[in-house]
Amino acid sequence: MLLCRQLLCSGKRACFRRHLSGSSRGTQGSMSAWVIDEYGTNAVLRYAEDVPAPAVSSPTDVLVQVCATSLNPLDLSMRGGYGVRRDPLSLLGGSSEFPLVLGRDVSGVVVDCGVEVTHFGPGDEVWAAVPPWKQGSLAEFVSLSEYEVSHKPQSLSHIEAASIPYVANTALSALVNAGGLCEETAHNKRYFLITGASGGVGTFSIQLLKAWGAHVTVTCSHNAEGLVRGLGADEVVDYTAGDAEQRLETMDRFDVILDNVGGETEQWALTLLKSWSGSKYVTLVTPLLSSTDHMGMLSGGIQAGLTVCDLSQSLLSSGVFYRWGFYAPDGPALDDIRTLVDSGKILPVVEAHFPFSQVPQAFLKLEQGHARGKTVVRGSIFWQQRELP
(Lines give C-alpha, C1' and ligand atoms only; values in the text may rest on other atoms or scores of the structure.)
Protein backbone atom coordinates (compact mmCIF):
# COMPACT_ATOMS: atom_id res chain seq x y z
CA MET A 1 0.00 0.00 0.00
CA LEU A 2 1.35 3.38 -0.95
CA LEU A 3 -0.01 6.42 0.88
CA CYS A 4 1.60 9.53 -0.58
CA ARG A 5 1.29 12.71 1.45
CA GLN A 6 2.51 15.39 -0.93
CA LEU A 7 0.03 18.08 -1.90
CA LEU A 8 0.92 17.65 -5.53
CA CYS A 9 -0.84 20.57 -7.18
CA SER A 10 0.17 23.37 -4.81
CA GLY A 11 1.75 26.30 -6.56
CA LYS A 12 0.88 25.01 -10.05
CA ARG A 13 -2.66 26.22 -10.56
CA ALA A 14 -1.73 28.81 -13.15
CA CYS A 15 -0.27 26.35 -15.64
CA PHE A 16 -3.63 25.78 -17.33
CA ARG A 17 -2.98 29.05 -19.15
CA ARG A 18 -0.42 27.19 -21.25
CA HIS A 19 -3.15 25.88 -23.53
CA LEU A 20 -6.16 28.02 -22.63
CA SER A 21 -5.48 31.71 -22.92
CA GLY A 22 -7.86 33.98 -21.02
CA SER A 23 -11.11 32.56 -19.70
CA SER A 24 -12.10 29.18 -21.01
CA ARG A 25 -15.75 30.21 -21.12
CA GLY A 26 -16.87 30.36 -24.72
CA THR A 27 -13.48 29.31 -26.15
CA GLN A 28 -12.00 25.99 -27.14
CA GLY A 29 -8.26 25.47 -27.00
CA SER A 30 -6.29 22.24 -27.11
CA MET A 31 -4.87 20.02 -24.41
CA SER A 32 -2.78 16.90 -24.00
CA ALA A 33 -4.59 13.62 -23.34
CA TRP A 34 -4.42 9.88 -23.83
CA VAL A 35 -7.11 8.87 -26.30
CA ILE A 36 -8.29 5.88 -28.26
CA ASP A 37 -9.45 6.10 -31.89
CA GLU A 38 -10.84 2.58 -31.96
CA TYR A 39 -11.69 -0.14 -29.47
CA GLY A 40 -9.12 -2.80 -28.75
CA THR A 41 -6.12 -3.75 -26.63
CA ASN A 42 -3.49 -1.56 -25.02
CA ALA A 43 -2.09 -0.83 -28.48
CA VAL A 44 -4.98 1.55 -29.24
CA LEU A 45 -3.89 4.04 -26.54
CA ARG A 46 -2.45 7.17 -28.14
CA TYR A 47 -0.90 10.29 -26.62
CA ALA A 48 -1.99 13.53 -28.29
CA GLU A 49 -1.44 17.23 -27.63
CA ASP A 50 -4.15 18.54 -29.96
CA VAL A 51 -7.23 17.17 -28.22
CA PRO A 52 -10.04 19.77 -28.02
CA ALA A 53 -10.12 21.08 -24.47
CA PRO A 54 -13.47 21.17 -22.69
CA ALA A 55 -15.03 24.55 -21.98
CA VAL A 56 -17.69 25.89 -19.65
CA SER A 57 -20.74 25.52 -21.88
CA SER A 58 -23.49 25.30 -19.26
CA PRO A 59 -24.33 27.59 -16.31
CA THR A 60 -23.68 24.67 -13.93
CA ASP A 61 -20.42 23.47 -15.50
CA VAL A 62 -17.18 23.21 -13.49
CA LEU A 63 -13.89 23.01 -15.42
CA VAL A 64 -11.23 21.09 -13.51
CA GLN A 65 -7.51 20.83 -14.14
CA VAL A 66 -6.54 17.20 -13.50
CA CYS A 67 -3.85 16.71 -10.86
CA ALA A 68 -4.32 12.94 -10.61
CA THR A 69 -6.62 10.21 -11.84
CA SER A 70 -6.84 6.47 -11.31
CA LEU A 71 -7.73 3.46 -13.40
CA ASN A 72 -10.61 1.08 -12.79
CA PRO A 73 -11.66 -2.20 -14.42
CA LEU A 74 -14.31 -0.15 -16.22
CA ASP A 75 -11.52 1.61 -18.14
CA LEU A 76 -10.24 -1.72 -19.44
CA SER A 77 -13.76 -2.67 -20.48
CA MET A 78 -14.45 0.67 -22.16
CA ARG A 79 -11.14 0.46 -24.02
CA GLY A 80 -12.38 -2.82 -25.46
CA GLY A 81 -15.78 -1.43 -26.43
CA TYR A 82 -17.89 -2.20 -23.36
CA GLY A 83 -20.62 0.42 -23.05
CA VAL A 84 -20.11 1.58 -26.64
CA ARG A 85 -23.74 2.71 -26.59
CA ARG A 86 -23.29 4.62 -23.35
CA ASP A 87 -24.46 7.94 -24.88
CA PRO A 88 -27.31 7.10 -27.26
CA LEU A 89 -28.32 10.76 -27.70
CA SER A 90 -24.94 11.69 -29.12
CA LEU A 91 -25.02 8.70 -31.46
CA LEU A 92 -28.46 9.67 -32.73
CA GLY A 93 -27.02 13.10 -33.46
CA GLY A 94 -24.40 11.55 -35.70
CA SER A 95 -21.37 12.44 -33.56
CA SER A 96 -18.48 9.99 -33.25
CA GLU A 97 -17.32 8.22 -30.11
CA PHE A 98 -13.73 9.02 -31.04
CA PRO A 99 -11.27 10.23 -30.03
CA LEU A 100 -12.35 8.87 -26.65
CA VAL A 101 -10.64 9.85 -23.39
CA LEU A 102 -10.80 7.19 -20.67
CA GLY A 103 -10.47 7.67 -16.89
CA ARG A 104 -13.36 7.96 -14.43
CA ASP A 105 -11.60 9.41 -11.33
CA VAL A 106 -10.30 12.93 -10.91
CA SER A 107 -8.66 14.97 -8.19
CA GLY A 108 -7.73 18.46 -9.26
CA VAL A 109 -8.23 22.21 -9.14
CA VAL A 110 -11.16 24.26 -10.42
CA VAL A 111 -10.10 26.70 -13.15
CA ASP A 112 -13.48 28.01 -14.34
CA CYS A 113 -17.18 27.79 -13.46
CA GLY A 114 -20.54 28.48 -15.02
CA VAL A 115 -22.47 31.53 -13.89
CA GLU A 116 -24.91 29.50 -11.76
CA VAL A 117 -22.26 27.53 -9.85
CA THR A 118 -22.47 28.48 -6.18
CA HIS A 119 -20.44 25.88 -4.28
CA PHE A 120 -17.14 26.07 -6.15
CA GLY A 121 -14.75 28.68 -7.48
CA PRO A 122 -11.39 28.89 -9.27
CA GLY A 123 -8.59 27.53 -7.10
CA ASP A 124 -10.78 25.10 -5.14
CA GLU A 125 -9.34 21.60 -4.78
CA VAL A 126 -11.98 19.06 -5.75
CA TRP A 127 -12.53 15.38 -6.47
CA ALA A 128 -15.16 13.63 -8.55
CA ALA A 129 -16.17 10.53 -10.48
CA VAL A 130 -16.63 11.25 -14.18
CA PRO A 131 -19.88 9.91 -15.71
CA PRO A 132 -19.27 7.22 -18.34
CA TRP A 133 -20.99 9.28 -21.04
CA LYS A 134 -18.48 12.15 -20.66
CA GLN A 135 -14.90 12.46 -21.81
CA GLY A 136 -12.60 11.09 -19.13
CA SER A 137 -9.81 12.32 -16.91
CA LEU A 138 -6.69 10.98 -18.65
CA ALA A 139 -6.29 14.53 -19.89
CA GLU A 140 -5.26 17.98 -18.70
CA PHE A 141 -8.83 19.11 -18.10
CA VAL A 142 -12.25 17.62 -17.54
CA SER A 143 -15.65 19.32 -17.50
CA LEU A 144 -18.27 18.25 -14.96
CA SER A 145 -21.53 19.53 -13.58
CA GLU A 146 -21.56 21.14 -10.16
CA TYR A 147 -23.58 18.19 -8.86
CA GLU A 148 -20.88 15.69 -9.81
CA VAL A 149 -18.09 17.52 -7.94
CA SER A 150 -17.13 17.64 -4.26
CA HIS A 151 -14.44 19.45 -2.30
CA LYS A 152 -11.40 17.21 -1.84
CA PRO A 153 -10.59 15.93 1.66
CA GLN A 154 -8.03 18.23 3.22
CA SER A 155 -6.13 15.31 4.72
CA LEU A 156 -5.32 13.71 1.34
CA SER A 157 -2.89 14.47 -1.45
CA HIS A 158 -4.25 14.47 -4.98
CA ILE A 159 -2.70 11.05 -5.61
CA GLU A 160 -4.56 9.62 -2.63
CA ALA A 161 -7.80 11.44 -3.37
CA ALA A 162 -7.88 10.23 -6.98
CA SER A 163 -8.11 6.62 -5.75
CA ILE A 164 -11.50 7.04 -4.09
CA PRO A 165 -14.38 8.74 -6.03
CA TYR A 166 -15.27 5.96 -8.50
CA VAL A 167 -15.11 3.15 -5.94
CA ALA A 168 -16.93 5.28 -3.36
CA ASN A 169 -19.79 6.12 -5.70
CA THR A 170 -19.99 2.51 -6.88
CA ALA A 171 -20.01 1.09 -3.36
CA LEU A 172 -22.58 3.63 -2.15
CA SER A 173 -24.83 2.92 -5.11
CA ALA A 174 -24.62 -0.82 -4.41
CA LEU A 175 -24.95 -0.73 -0.63
CA VAL A 176 -27.33 2.21 -0.23
CA ASN A 177 -29.44 2.31 -3.40
CA ALA A 178 -29.55 -1.43 -4.14
CA GLY A 179 -28.88 -2.79 -0.65
CA GLY A 180 -31.08 -0.32 1.22
CA LEU A 181 -28.40 0.32 3.83
CA CYS A 182 -27.31 3.33 5.83
CA GLU A 183 -25.40 3.80 9.06
CA GLU A 184 -28.49 3.16 11.18
CA THR A 185 -29.62 -0.01 9.39
CA ALA A 186 -26.09 -1.43 9.14
CA HIS A 187 -26.04 -1.77 12.95
CA ASN A 188 -29.16 -3.92 12.79
CA LYS A 189 -27.88 -6.03 9.88
CA ARG A 190 -24.57 -7.11 11.30
CA TYR A 191 -23.41 -9.80 8.94
CA PHE A 192 -21.98 -8.77 5.58
CA LEU A 193 -19.99 -10.72 3.02
CA ILE A 194 -17.84 -9.04 0.36
CA THR A 195 -16.45 -11.28 -2.37
CA GLY A 196 -13.28 -10.17 -4.17
CA ALA A 197 -12.55 -7.70 -1.40
CA SER A 198 -8.95 -6.67 -2.13
CA GLY A 199 -9.72 -4.45 -5.13
CA GLY A 200 -10.83 -0.82 -5.13
CA VAL A 201 -14.55 -1.29 -4.42
CA GLY A 202 -13.87 -4.06 -1.91
CA THR A 203 -11.28 -2.18 0.15
CA PHE A 204 -13.53 0.88 0.24
CA SER A 205 -16.64 -1.13 1.18
CA ILE A 206 -14.86 -2.82 4.09
CA GLN A 207 -14.00 0.56 5.58
CA LEU A 208 -17.44 2.06 4.97
CA LEU A 209 -19.26 -0.86 6.59
CA LYS A 210 -16.88 -0.87 9.56
CA ALA A 211 -17.46 2.88 9.96
CA TRP A 212 -21.16 2.01 10.13
CA GLY A 213 -20.54 -0.57 12.85
CA ALA A 214 -21.08 -3.72 10.79
CA HIS A 215 -19.48 -7.16 11.10
CA VAL A 216 -17.70 -7.84 7.80
CA THR A 217 -16.55 -11.12 6.26
CA VAL A 218 -14.54 -11.05 3.03
CA THR A 219 -13.05 -13.39 0.46
CA CYS A 220 -9.65 -12.69 -1.09
CA SER A 221 -6.41 -14.51 -1.80
CA HIS A 222 -4.04 -15.43 1.02
CA ASN A 223 -1.50 -12.71 0.20
CA ALA A 224 -4.17 -10.00 0.52
CA GLU A 225 -5.25 -11.05 4.02
CA GLY A 226 -3.00 -8.56 5.79
CA LEU A 227 -4.40 -5.71 3.71
CA VAL A 228 -8.08 -6.45 4.30
CA ARG A 229 -7.59 -7.19 8.00
CA GLY A 230 -5.73 -3.92 8.35
CA LEU A 231 -8.77 -2.17 6.88
CA GLY A 232 -11.05 -3.79 9.46
CA ALA A 233 -12.32 -7.09 8.02
CA ASP A 234 -13.52 -9.35 10.86
CA GLU A 235 -13.34 -12.69 9.02
CA VAL A 236 -11.17 -13.49 5.99
CA VAL A 237 -11.68 -16.52 3.76
CA ASP A 238 -8.98 -17.45 1.24
CA TYR A 239 -10.77 -18.27 -1.99
CA THR A 240 -7.65 -19.98 -3.36
CA ALA A 241 -7.56 -22.57 -0.57
CA GLY A 242 -10.18 -24.77 -2.22
CA ASP A 243 -12.55 -24.91 0.75
CA ALA A 244 -13.87 -21.33 0.69
CA GLU A 245 -17.46 -22.40 0.07
CA GLN A 246 -17.34 -24.95 2.87
CA ARG A 247 -15.85 -22.45 5.34
CA LEU A 248 -18.52 -19.89 4.55
CA GLU A 249 -21.23 -22.54 4.97
CA THR A 250 -20.15 -23.00 8.61
CA MET A 251 -20.67 -19.32 9.43
CA ASP A 252 -23.87 -17.54 10.37
CA ARG A 253 -26.00 -16.62 7.38
CA PHE A 254 -25.44 -13.14 5.95
CA ASP A 255 -27.77 -10.16 5.77
CA VAL A 256 -26.13 -8.64 2.69
CA ILE A 257 -23.65 -9.99 0.16
CA LEU A 258 -21.75 -7.60 -2.12
CA ASP A 259 -20.39 -9.59 -5.05
CA ASN A 260 -17.43 -8.14 -6.96
CA VAL A 261 -16.64 -11.43 -8.73
CA GLY A 262 -19.76 -12.84 -10.40
CA GLY A 263 -19.70 -16.02 -12.48
CA GLU A 264 -19.65 -19.25 -10.50
CA THR A 265 -19.42 -17.32 -7.22
CA GLU A 266 -23.02 -16.22 -7.63
CA GLN A 267 -24.23 -19.80 -7.93
CA TRP A 268 -23.09 -20.84 -4.46
CA ALA A 269 -22.98 -17.51 -2.61
CA LEU A 270 -26.73 -16.98 -2.96
CA THR A 271 -27.27 -19.90 -0.57
CA LEU A 272 -25.38 -18.07 2.19
CA LEU A 273 -28.09 -15.44 2.78
CA LYS A 274 -30.58 -15.48 5.64
CA SER A 275 -34.03 -16.61 4.58
CA TRP A 276 -37.12 -14.47 5.09
CA SER A 277 -35.29 -11.62 6.81
CA GLY A 278 -35.00 -9.07 4.01
CA SER A 279 -31.50 -10.21 3.05
CA LYS A 280 -30.11 -8.97 -0.25
CA TYR A 281 -27.60 -10.17 -2.80
CA VAL A 282 -26.10 -7.19 -4.63
CA THR A 283 -23.83 -7.91 -7.59
CA LEU A 284 -21.67 -5.45 -9.49
CA VAL A 285 -21.22 -7.98 -12.33
CA THR A 286 -24.27 -7.43 -14.50
CA PRO A 287 -25.06 -8.22 -18.17
CA LEU A 288 -26.78 -4.90 -18.87
CA LEU A 289 -24.14 -3.02 -20.89
CA SER A 290 -22.85 -6.12 -22.65
CA SER A 291 -26.43 -6.93 -23.67
CA THR A 292 -27.07 -3.45 -25.04
CA ASP A 293 -23.70 -3.48 -26.83
CA HIS A 294 -24.55 -6.70 -28.65
CA MET A 295 -28.32 -6.33 -29.06
CA GLY A 296 -28.95 -2.60 -29.05
CA MET A 297 -30.47 -0.36 -26.40
CA LEU A 298 -34.04 -1.67 -26.63
CA SER A 299 -33.52 -5.39 -27.19
CA GLY A 300 -30.48 -5.55 -24.89
CA GLY A 301 -32.27 -3.68 -22.12
CA ILE A 302 -35.28 -5.96 -22.36
CA GLN A 303 -33.10 -9.08 -22.34
CA ALA A 304 -31.14 -7.91 -19.30
CA GLY A 305 -34.35 -6.96 -17.53
CA LEU A 306 -35.84 -10.39 -18.14
CA THR A 307 -32.68 -12.00 -16.77
CA VAL A 308 -32.79 -10.15 -13.47
CA CYS A 309 -36.57 -10.61 -13.16
CA ASP A 310 -36.33 -14.37 -13.65
CA LEU A 311 -33.57 -14.70 -11.08
CA SER A 312 -35.31 -12.43 -8.59
CA GLN A 313 -38.55 -14.38 -8.82
CA SER A 314 -36.76 -17.70 -8.36
CA LEU A 315 -35.22 -16.40 -5.11
CA LEU A 316 -38.44 -15.00 -3.66
CA SER A 317 -39.41 -18.50 -2.54
CA SER A 318 -36.61 -18.28 0.03
CA GLY A 319 -37.28 -14.67 0.96
CA VAL A 320 -34.04 -13.39 -0.60
CA PHE A 321 -33.78 -10.29 -2.78
CA TYR A 322 -31.46 -10.03 -5.80
CA ARG A 323 -30.22 -6.62 -6.95
CA TRP A 324 -27.81 -5.13 -9.46
CA GLY A 325 -25.41 -2.43 -8.35
CA PHE A 326 -24.23 0.29 -10.73
CA TYR A 327 -21.62 3.03 -10.76
CA ALA A 328 -23.47 6.32 -10.20
CA PRO A 329 -21.49 9.61 -10.00
CA ASP A 330 -22.76 11.68 -7.07
CA GLY A 331 -21.03 14.81 -5.73
CA PRO A 332 -23.14 15.21 -2.56
CA ALA A 333 -22.41 11.56 -1.65
CA LEU A 334 -18.69 12.36 -1.89
CA ASP A 335 -19.27 15.19 0.60
CA ASP A 336 -20.26 12.55 3.16
CA ILE A 337 -17.26 10.42 2.26
CA ARG A 338 -14.97 13.44 2.68
CA THR A 339 -16.10 13.69 6.31
CA LEU A 340 -15.27 10.02 6.92
CA VAL A 341 -11.88 10.42 5.23
CA ASP A 342 -10.90 13.53 7.16
CA SER A 343 -11.95 11.83 10.42
CA GLY A 344 -9.63 8.90 9.62
CA LYS A 345 -12.40 6.33 9.21
CA ILE A 346 -11.65 5.72 5.52
CA LEU A 347 -8.12 5.53 4.12
CA PRO A 348 -7.01 5.61 0.49
CA VAL A 349 -5.53 2.34 -0.74
CA VAL A 350 -3.05 3.02 -3.55
CA GLU A 351 -1.11 0.05 -4.85
CA ALA A 352 0.92 1.87 -7.51
CA HIS A 353 1.15 5.22 -9.25
CA PHE A 354 2.54 6.21 -12.65
CA PRO A 355 3.52 9.45 -14.37
CA PHE A 356 1.28 10.72 -17.17
CA SER A 357 3.84 9.56 -19.72
CA GLN A 358 3.31 5.93 -18.63
CA VAL A 359 -0.44 5.51 -19.01
CA PRO A 360 -0.02 2.35 -21.15
CA GLN A 361 2.13 0.82 -18.39
CA ALA A 362 -0.56 1.71 -15.85
CA PHE A 363 -3.13 -0.14 -17.97
CA LEU A 364 -0.83 -3.16 -18.16
CA LYS A 365 -0.54 -3.12 -14.37
CA LEU A 366 -4.33 -3.10 -14.04
CA GLU A 367 -4.68 -5.91 -16.58
CA GLN A 368 -2.53 -8.20 -14.42
CA GLY A 369 -5.44 -8.45 -11.99
CA HIS A 370 -5.19 -9.43 -8.32
CA ALA A 371 -5.44 -5.76 -7.35
CA ARG A 372 -4.46 -4.59 -3.89
CA GLY A 373 -6.15 -1.22 -4.08
CA LYS A 374 -5.90 1.32 -6.89
CA THR A 375 -3.53 2.24 -9.70
CA VAL A 376 -3.13 6.03 -9.90
CA VAL A 377 -1.83 8.25 -12.73
CA ARG A 378 -0.32 11.62 -11.93
CA GLY A 379 -1.65 14.54 -13.95
CA SER A 380 0.07 15.83 -17.07
CA ILE A 381 1.00 19.08 -15.32
CA PHE A 382 3.84 17.15 -13.66
CA TRP A 383 5.19 15.90 -16.96
CA GLN A 384 7.82 18.58 -17.34
CA GLN A 385 9.58 17.11 -20.38
CA ARG A 386 6.98 17.41 -23.10
CA GLU A 387 8.06 14.33 -25.02
CA LEU A 388 6.22 11.37 -26.38
CA PRO A 389 6.92 8.26 -24.32
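Cut-offs used in this document
Residues numbered from 1 in each chain as written. Predicted model: local features only at pLDDT ≥ 70, side-chain atom pairs only at ≥ 80, totals over all residues. Heavy atoms only, no water. UniProt positions renumbered as here; feature names shortened; annotations may be inferred. Helix = DSSP H or I, 4+ residues; strand = E, 2+ residues; numbered from the N terminus. Buried < 20%, exposed > 50% of the residue type's maximum accessible area, 1.4 Å probe, protein only. Contact = heavy atoms within 4.5 Å. Areas by Shrake-Rupley, 256 points an atom, 1.4 Å probe, with all protein chains shown as cover. Phe/Tyr/Trp six-rings, centres within 6.5 Å; stacked < 30°, edge-to-face > 60°. pLDDT = per-residue confidence, 0-100.

As annotated in an unreviewed UniProt entry, the protein carries the name Enoyl reductase (ER) domain-containing protein and is attributed to Periophthalmus magnuspinnatus. Of the protein, the UniProt comment under Subcellular location (unreviewed entry) reads exactly: "Mitochondrion". UniProt, in the comment section headed Sequence similarities (unreviewed entry), describes the protein in these words: "Belongs to the zinc-containing alcohol dehydrogenase family. Quinone oxidoreductase subfamily."

(A) Local environment of the overall build of the protein. Helices and strands together make up the secondary structure of the protein, namely 13 helices and 16 strands. With 389 residues in all, the protein has 55% of them scored as buried. The long-range share in the protein, meaning contacts at least 24 apart out of those at least 6 apart in sequence, stands at 72%. Accessible surface, the protein as shown: approximately 16,100 Å² in total, 54% of it carbon and sulfur.

(B) Spatial organisation of the packing of aromatic side chains. Per the counting criterion, the structure on display carries 6 aromatic pairs. Look at Tyr47 and Phe356: their rings are 6.4 Å apart centre to centre, the planes differ by 80°, and that puts the pair in the edge-to-face class. Pair noted here: Tyr47 is in strand β2 (residues 45-52) and Phe356 is in the loop between β15 (350-354) and α13 (359-367), with a separation of 309 residues, a long-range link. Seen from their ring centres, Trp324 and Phe326 are 6.1 Å apart, and the 85° between their planes marks the pair as edge-to-face. Looking at Trp324, the relative accessible area reads 15%, which means it is buried. Among the residues examined, Phe326 registers a relative accessible area of 34% and is labelled partly exposed. Among the aromatic residues, ring-to-ring pairing joins Trp34, Tyr47 and Phe356 into one connected group.

(C) Expanded view of the confidence of the model for the protein. The pLDDT averaged across the protein works out to 84; a share of 78% of its residues lies at or above 70. Every residue in residues 1-27 is under pLDDT 50, and counting partners more than four places away or in other chains gives 67 contacts. The model gives residues 384-389 a pLDDT under 50, and that stretch makes 12 contacts with residues more than four places away or in other chains.

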